[in-house]
Amino acid sequence: MTTTANGTATGSSGSSDRGIFGGLTARIRAGRSTGWGVFHVGSKAMILGGLMLIISAFLPWVVIPIAGETFSLRGTDGPGVATLAVGFLAFAGAFVPKRGLALAHALIPGVLVALIVAAQAFRLIQLSAQTGSWGGLLPGMGLILAAGGAVILIRVAVRMWRMRPAA
């Protein structure tokens, strides 16, 4: 490190040109020419899908109408905690400019939540068949919202996979 006449220090390593945010401002400046900056093709859909997963964890996943009253089981009482965690992963993936990493941030949460929703739906059908009370256990808004978020994330992952990077 050397000091110039006006008292500013310059380093011999390449870290001084990256700035305090690790080159984020340089990526934003460079991205203005293409219009994307730190965002990629699937950013908007990943933000939407991630927020859907985050919100769905706090909503009712199973609604049980009994004697004129309804009881509900929230997502955070069970597998919604995993949905909450991977929802944040999908949301963060919207801000990752690397194609492969962003693809993983969309595909892993999408497939995982789709499996969780399928298992919950199968369990609802199984319990309804065992007890003979069809319509006694209903899917809640959280389960439906989680399924929609999973579909959006899987769809954007397929779209990013099909798009080849510019050579």
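Residues numbered from 1 in each chain as written. Predicted model: local features only at pLDDT ≥ 70, side-chain atom pairs only at ≥ 80, totals over all residues. Heavy atoms only, no water.

Student: Looking at this model, I keep getting lost on the overall build of the chain. Mind explaining?
Tutor: In terms of regular secondary structure, the chain is built from five helices and five strands. Secondary structure of the chain in N-to-C order comes out as β-β-α-α-β-β-α-α-β-α. Out of the 167 residues belonging to the chain, those deemed buried represent 31%. Summing over all exposed atoms, the chain offers an accessible surface of approximately 10,300 Å²; the carbon and sulfur share of this is 68%. (Helix = DSSP H or I, 4+ residues; strand = E, 2+ residues; numbered from the N terminus. Buried < 20%, exposed > 50% of the residue type's maximum accessible area, 1.4 Å probe, protein only. Areas by Shrake-Rupley, 256 points an atom, 1.4 Å probe, with all protein chains shown as cover.)

Student: Sorry, what's going on with the sheet that holds strand β4 (residues 69–74) here?
Tutor: In a beta sheet, neighbouring strands are held together by backbone hydrogen bonds and run either parallel or antiparallel to one another. Read from one edge of the open sheet, three strands run β4-β3-β5, paired in antiparallel fashion. With one partner strand each, in any of the chains shown, β4 and β5 (138–139) form the two edges of the open sheet. In this structure, strand β3 (residues 60–66) lies alongside β4, joined through six bridges in antiparallel fashion. Residue pairing for β4: P65 is matched across the bridge by T70. Lying on the sheet, helix α5 (residues 141–162) is in contact with β3 and β5; it crosses β3 at an angle near 150 degrees. (Pairing = 2+ DSSP bridges. Contact = heavy atoms within 4.5 Å. Axes fitted to C-alpha atoms, helices over the stretch in contact; angles between N-to-C directions.)

Student: Is there a simple way to think about helix α3 (residues 80–93) in this case?
Tutor: Given 3.6 residues per turn, any residue in an α-helix points the same way as the ones three and four places further on. Relative to the 20 Å expected for 14 residues at 1.5 Å per residue, α3 spans 20 Å between its end C-alpha atoms, a close match to the ideal helical length. Within the span of α3, buried status applies to G80, T83, L84, V86, G87, A90 and G93. Buried residues in α3 make contact with α2 (43–56), β3, α4 (99–131) and α5. (Expected span 1.5 Å × (residues − 1).)

Student: How do you make sense of the confidence of the model for the chain when you look at a structure like this?
Tutor: Overall, the prediction assigns the chain a mean pLDDT of 81, with 75% of residues at 70 or greater. A low-confidence stretch, residues 11–16 stays under pLDDT 50, and its non-local contacts, those more than four residues away or across chains, total two contacts. (pLDDT = per-residue confidence, 0-100.)

Student: Could you clarify how one ought to interpret the environment of L143 in this entry?
Tutor: You can see L143 is positioned in helix α5. Of the residues examined, L143 reaches a relative accessible area of 5% and is grouped as buried. Setting aside residues up to four positions removed in sequence, L143 forms contacts with P60, W61, V117, Q120 and L124.

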